[in-house]
Amino acid sequence: MRHFLNCCFVSRPLVKPHSNFNFNSIPDSQESSDVMESPSASNANSNFISEKPEKELKDSATYATNIILNHDFSEGLHMWHPNGCDASVASSVSGYPQGMSPNLSGRFAFVTNRKECWQGLEQDITSRVSAGPTYSVCAWIAVSRAGRGVSDVLATLKLEYQDLSVSYMPVGRISASTENWDKVEGTFSLSSMPHRVVFYLEGPSSGIDIFIKSVVISCPHPSPSPNPSRQDKLNVNSKDSKAQYTNIILNHDFSGGLQMWNPNCCDASVVSSESDFPQDPSATACYAAVTNRKENWQGLEQDITDRVSAGSTYGVCSWVSTSGFHGVSSVLATLRLEFKDSPVCYLFIGRTSTSNKQWAKIEGSFSLSTMPQRVIFYLEGPPSGIDLLIRSVVISCTSSNESDSQDAPSVCDTNENVIQNPGFDDGLNNWSARGCKIALHDSMADGKVRPMSGKFFASTDGRTQNWNGIQQEITGRVQRKLAYEVVATIRILGDKVSSADVRATLWVQAADLREQYIGIGSLKATDKDWSQLQGKFLLNGTPSRVVIFLEGPPPGTDILLDNLVVKHAGKAPPASPPLIEDAAYGVNIIANSNLSDSTNGWFPLGNCNLTVKSGSPRILPPMAADSLGAHEPLSGQYILVTNRTQTWMGPAQMITDKVKLYLTYQVSAWVRIGKGATRPQGLNVALGVDSQWVNGGQVEIDDGKWHEIGGSFRIEKQPEKIMVYLQGPDAGVDVMVAGLQIFAVDRHARFRHLKKQTEKIRKRDVTLKFSSSGSDAPVGTFVKIRQTQNSFPFGTCISRSVLDNEDFVDFFSKHFNWAVFENELKWYWTEAQQGNLNYKDADEMLNLCTTHNIQLRGHCIFWEVEGAIQSWIRDLSKNDLMTAVQNRLTSLLTRYKGKFKQYDVNNEMLHGSFFQDRLGKDIRANMFKTANQLDPSATLFVNDYHIEDGCDTRSSPEKYIQHILDLQEQGAPVGGIGIQGHTDSPVGPIVSSALDKLGILGLPVWFTEVDVSSNNEFVRADDLEVMLREAFAHPAVEGMVFWGFWELFMSRTDAHLVNAEGDVNEAGKRYLDLKQEWLSKAHGHVNGKGEFGFRGFHGSYEVEVVDHSKKKVVKTFEVNPGEDPLVISIAL
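Residues numbered from 1 in each chain as written. Predicted model: local features only at pLDDT ≥ 70, side-chain atom pairs only at ≥ 80, totals over all residues. Heavy atoms only, no water.

1. With respect to the overall build of the chain
1) Next: Scanning the chain from terminus to terminus reveals 16 helices and 55 strands.
2) Next: For the chain, buried positions account for 55% of its 1132 residues.
3) Next: When the accessible surface of the chain is split by element, carbon and sulfur atoms take 48% of a total near 48,500 Å². (Helix = DSSP H or I, 4+ residues; strand = E, 2+ residues; numbered from the N terminus. Buried < 20%, exposed > 50% of the residue type's maximum accessible area, 1.4 Å probe, protein only. Areas by Shrake-Rupley, 256 points an atom, 1.4 Å probe, with all protein chains shown as cover.)

Written as structure tokens, this is what we have:
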């Protein structure tokens, strides 16, 4: 949804932390705040004074209108009913429950033997309420015991209707203590009259008793108009004093309860302020309290559409506070503007900072250049869990003259540049330096550097860190959930550096001071010419501050900026599949592959020699045969490459005119090395695409045998030349190659084969045996079966920042049943600085997944690659490192015992050896053993990349198998095999070949980090379908997890399934279509044996049975994996 704030840049420089920086160690800001005290309340007591229940009980006006009968239990439990539990009345005469606080005296009801949180005490109030009026609720309660001393108690209405439907209306909530009486308050209004209305108190966990001293529900009669004397104290800055009497906010001081106000996805109630602010003579009689806030954008809103018009300027003034947080929180005033044919726009009005229960004034103004279909004013901002308090709101028209409204924020034009003074026409206004100095120039370097556009450009000066640069605060000018394109015209200037990486970065600070750095884009800039750095970004949450800056070059090298543009990224035109004529699937594009014409069509790359010899295999390599099917035998001839003086020397062929864009090509050949090699040799079929190297497949050889080499590639931009060649072995080592094949792959032909395989391994024969308790047998009864969920795990990685985007969470929770944290469980995240543990992000993510019943993989306990290790760990001695490893295991696995179903114990052991090099070979197995001891319920995985694509000799399936066997031989309880799946142009037979080899170990195989990349959505969808179908059709694979799905929140570009602003693209649609394909449906009639049979995918089902009298019965059942037919009894 939205927003942005307008605030000044503080004097303290924003310093980007080094690698050891702990993001959670930032202290509360000690700078002066924007808080503006109420004129009459500067010395007011900032603490709320708790009220006594006796005060409310003695209020005769309340008594006169109380609709609760026996409200104080003076008549025992008369008119009250315990809901699924027990209840009694305690008093000084009857005695009090054992162990209760002596502060809880007097007569009260206590509710015991509660087995569920919804159980409590209720009273039917149907005959005493009516539709229309607003009712106020006040109850004094306590609890017997609670975690951390408090437990939530809820006041709720149960509404029963004539059609037997039931709904529940929350009225109020309070965190009750065990030591004192607390007041739960709220209001409600019934738009229509239900058949039955029941009021009840509920909420604490099972086993916790509820104590209730009194309950009052009354119908207040609000004043029809605002009180001018109150408003006079809260007037906005206006040229006309009459503005204070033209307030367009209805019920501005909540004297009418919550009439005209609506809580936005949270709860709200009106509270008396007389005892809360006893020393504040300006305090209104009451204020609104917004509670149960789960997101910072949740607050209180009012529709003002019919009371504002385009062209006028409106002043806004509101007195606000917070409760439940002892630091400083920001409160924002915002407009939500809804248009008929455009996306919702959010207009920032004003911001203030306030602390716990101290009133502060938020002010601002706005003007609408055009009139939206709907205008909503609302207050928001504090972090989740913090209550927002609102005393009054005034919005008045200060001027209808358009010239007077120039300084007021207007409806955001998403085509306008967010950056102010982007080309430095106004000098350095709006710009600032980041840890260095900045200067304005019309030329530099004796006139050699001049502006590319305009008259001026800016440069940094005195950079001593790579994060030093030039920046602009854009707080209040960017909206959440909108994608922005960034274009910066840059170059560098330095004495010893002619080129360097320049990065555009976004620094974002949330209201709770959480910081985030978002990479926008990077470019290799030079000192010769201006270049354009491009990128995109999107904000998930509502930021407190946003700063965009340029950084990156080494110290001493200046960044020059000619212009910076940040605009809303327009929607891309609808995608279309690539037009490919005459694909010629399966046709080898290598000329003279069988060498029947000697070496014609081939040439030596470098000064090596090529000759044709006989004696190579005559059959196709297995992976090629799997793709091509029946094929004529190979010639048995091969090219022998001798006199190699460089590793890149070998046979080559130009194939420029034979490669078609967007087609996926499979590479296959037999290769062998000559004698004389002193170590294993890596061979690579490579492609030189203009100046770029493209990997067509790799294999490692340590003997004199023929080996299969296989891989794939795809070209998506038209090159000038493409050369294929064989390279790799050490100089002096002869190379042999036979039957080189490069052919376009018909993926859809493969898909037809995979569907048949899927039918065999992912489905099961099921017989439903129906029985009836009545006299009629169910024979002939109509049966309709629908699968509700496939049991195969489909998951995705998530990060903490995306939790703030409700659209992301909605797609995630609907379409995935597993998750893994991208970074938040990794050691460098949870302990960036030694001894400072940070599990806050992981806890929040775990809670979200638990709420949505999503299972979790733990990634990762350790990471063997040195580049992923914190500097403080790299600096430890051997003994200290061993201690740190043990502490990491104990801390993580005891905290989350039973929470994560799987763990990647030591990530990427085929590509790194940090811990093994320092702690010895046994450390890897010991990590597995200790992890298993600390959490025996978790399955422990190895996890590595390039296992499935044939393009990395370090991680071939054979090496992975040997690695796992070595761990098991040392006693490591390896329980699963993780294949990351970061792949390009995947080819089914190559993926399947790797799975076949790994399957011999008998361990479950999971694809753990799948992403595929193509700039064409349809090609990307094909890539994804290859991976999904190959995994789903292979018996060794038991789950697949994507490495993200949302644009701008994935580690790879052009890999997303959902565009940045929430549109599902072709790749996403393909995923959803396959999930639907893998759900079974069946219908028919029960046979003479009372049975109905079908074959369906494993998972959860719902069966609907309609008998001869048209009566429907719905039952559920599970189909678990198994070879034998499954018989399930269904009792009707």
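On we go.
2. Considerations on the sheet that holds strand β16 (residues 328–338)
1) Next: Spatially, β11-β14-β19-β16-β17 is the arrangement adopted by the five strands of the open sheet, whose pairing is antiparallel. Of all strands in the sheet, those bounded by a partner on one side alone are β11 (262–263) and β17 (345–355).
2) Next: For β16 and β17, the ladder comprises 10 bridges, and the chain directions are antiparallel. Paired with S330 across the strands is S353, a residue of β17. (Pairing = 2+ DSSP bridges.)

3. Quick notes on unusual backbone geometry
1) Next: Cis geometry is found at the peptide bond from H859 to C860, where omega equals -10°.
2) Next: Mapped onto the elements of the fold, C860 is located in strand β45 (residues 855–863).
3) Next: Residues other than glycine seldom take positive phi values, yet F254 does so here, at roughly 65°.
4) Next: Assignment of secondary structure puts F254 in the loop between α3 (228–232) and β11.

4. Comments concerning the environment of W706
1) Next: Secondary-structure assignment places W706 in the loop between β37 (692–701) and β38 (707–713).
2) Next: Linking W706 and A669, residues 37 residues apart in sequence, is a C-alpha distance of 9.8 Å.
3) Next: Beyond its immediate stretch of four places on either side in the chain, W706 contacts G615, S616, P617, Y638, W670, V671, R672, M736, V737 and A738. (Contact = heavy atoms within 4.5 Å.)

5. Quick word on the sheet that holds strand β41 (residues 763–771)
1) Next: A sheet is described by the order of its strands in space; here three strands give the open sequence β52-β41-β55, paired in mixed fashion. Edge positions in the open sheet fall to β52 (1091–1097) and β55 (1126–1131), since each of these has one partner strand only. On average, each strand axis in the sheet is inclined to that of its neighbour by 30°, with strand direction left out of account.
2) Next: Sheet topology places β41 next to β52; seven bridges connect them, and they run antiparallel. Residue pairing for β52: R764 is matched across the bridge by G1096. (Axes fitted to C-alpha atoms, helices over the stretch in contact; angles between N-to-C directions.)

6. Remarks on the packing of aromatic side chains
By convention here, two paired aromatic rings are described through the distance between centres and the angle between planes.
1) Next: Using the criterion set out here, one finds 45 aromatic pairs in the structure.
2) Next: Plain terms: the ring middles of W827 and F862 are 5.6 Å apart, the flat faces sit at 80° to each other, and that makes the pair edge-to-face. In this pair, W827 is assigned in helix α7 (residues 827–830) and F862 in strand β45, connecting sequence segments 35 residues apart. The same class applies to W827 and to F862, which are both buried.
3) Next: Here R391 stacks its cationic end above the ring of W319, 5.2 Å away from the centre of that ring.
4) Next: Over the face of the ring belonging to F941 we find R857, whose NZ or CZ atom lies 4.9 Å from the ring centre. (Phe/Tyr/Trp six-rings, centres within 6.5 Å; stacked < 30°, edge-to-face > 60°. Lys NZ or Arg CZ within 6 Å of the ring centre and 35° of its normal.)

7. Examining the environment of S614
1) Next: Looking at the secondary structure, you find S614 in strand β32 (residues 609–614).
2) Next: Expressed as a C-alpha distance, the spacing of S614 and G636, which sit 22 residues apart in the sequence, is 5.8 Å.
3) Next: Not counting chain neighbours up to four residues away, the residues in contact with S614 comprise G636, Q637 and Y638.

8. Section: helix α5 (residues 747–761)
1) Next: Here α5 contains 15 residues, and its C-alpha end-to-end distance of 21 Å stays within 8% of the 21 Å for a straight helix at 1.5 Å per residue.
2) Next: Among all positions in α5, only R747, R750, F751, L754 and T758 are buried. Down the axis of α5, the buried set is contained in an arc of 100°. They therefore lie on one face. Along α5, exposed side chains directed more than 90 degrees from the buried face belong to R752, K756 and K760. (Expected span 1.5 Å × (residues − 1). Arc of directions from axis to C-beta.)

All quantities given are derived from atomic positions and should not be read as evidence of function.
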